Amino acid sequence: MKKELHVGMSSTLITIVTDESIRKFSEISGDINPVHLDDAYAEKTIFKKRIAPGLQVASYISAVLANQLPGYGTIYLEQNIRFLKPVYIGDKIETKITIIEVLKSDKFRLKTEQFNDLGEKVIDGEAVVKYLGE
């Protein structure tokens, strides 16, 4: 039985970005940009220290979609993303998903937002998903 989903429902997930998670993501994705992996290189950039790959941080959105809201059986149809601020090793990222529109009984438009420890928005976007049910 599918759970009832409606506009305004939201869910959050807290994730801490670590050196290990960055290295694993880089290995899996093939993104070996030295700004993610090399302290000496990163010190010479505008960031002054290593940053997490943007798509690593954005991938936490998928975790919320699949595991919380809408939940098991959620399939991505669209995602737009705006990267607003860098994410550093040790940052605690809050991923918040909110249903903003019911397109069909099984299709939803979602606000996808991510915030750092200071409450600053680091990623903003919207997704469209199909919910196949639990």
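Residues numbered from 1 in each chain as written. Predicted model: local features only at pLDDT ≥ 70, side-chain atom pairs only at ≥ 80, totals over all residues. Heavy atoms only, no water.

Caption draft 1: Just the sheet that holds strand 1 (residues 10-16), in detail. Strand order in this open sheet of five strands is 1-3-4-5-2, and the pairing throughout is antiparallel. Each edge of the open sheet carries a strand with a single partner, namely strand 1 and strand 2 (74-83). Along the sheet, successive strands turn relative to each other by an average axial angle of 20 degrees, direction set aside. In terms of strand pairing, strand 2 meets strand 5 (residues 121-131) through nine bridges, oriented antiparallel. Directly across from Arg82, in strand 5, lies its bridge partner Asp124. (Pairing = 2+ DSSP bridges. Helix = DSSP H or I, 4+ residues; strand = E, 2+ residues; numbered from the N terminus. Axes fitted to C-alpha atoms, helices over the stretch in contact; angles between N-to-C directions.)

Caption draft 2: How the structure looks around the pairing of strand 3 (residues 92-104). Here strand 1 runs beside strand 3; their pairing, made up of seven bridges, is antiparallel. Note that in strand 3 the partner of Ser10 across the bridge is Thr98. Of the strand pairs in this sheet, strand 3 and strand 4 (residues 107-115) are connected by nine bridges, and their pairing is antiparallel. Bridging from a neighbouring strand, Val102 pairs with Phe108 of strand 4. The antiparallel hairpin formed by strand 3 and strand 4 contains two residues in its connecting segment.

Caption draft 3: Looking closely at the packing of aromatic side chains. Counting across every chain of the model gives zero aromatic pairs. Cation over ring: Lys49 sits above Tyr88, and NZ or CZ is 4.8 Å from the ring centre. (Phe/Tyr/Trp six-rings, centres within 6.5 Å; stacked < 30°, edge-to-face > 60°. Lys NZ or Arg CZ within 6 Å of the ring centre and 35° of its normal.)

Caption draft 4: Here's a closer look at a nonpolar patch on the surface. On the surface, a nonpolar cluster with roughly 270 Å² of combined accessible area is contributed by Ile75, Leu77 and Leu132. Topologically, Ile75 is positioned in strand 2. (Patch = residues over 30% accessible without salt bridge, like charges linked within 9 Å, V, L, I, M, F, W, Y side chains within 5 Å. Areas by Shrake-Rupley, 256 points an atom, 1.4 Å probe, with all protein chains shown as cover. Salt bridge = Lys/Arg side-chain N within 4 Å of Asp/Glu carboxyl O.)

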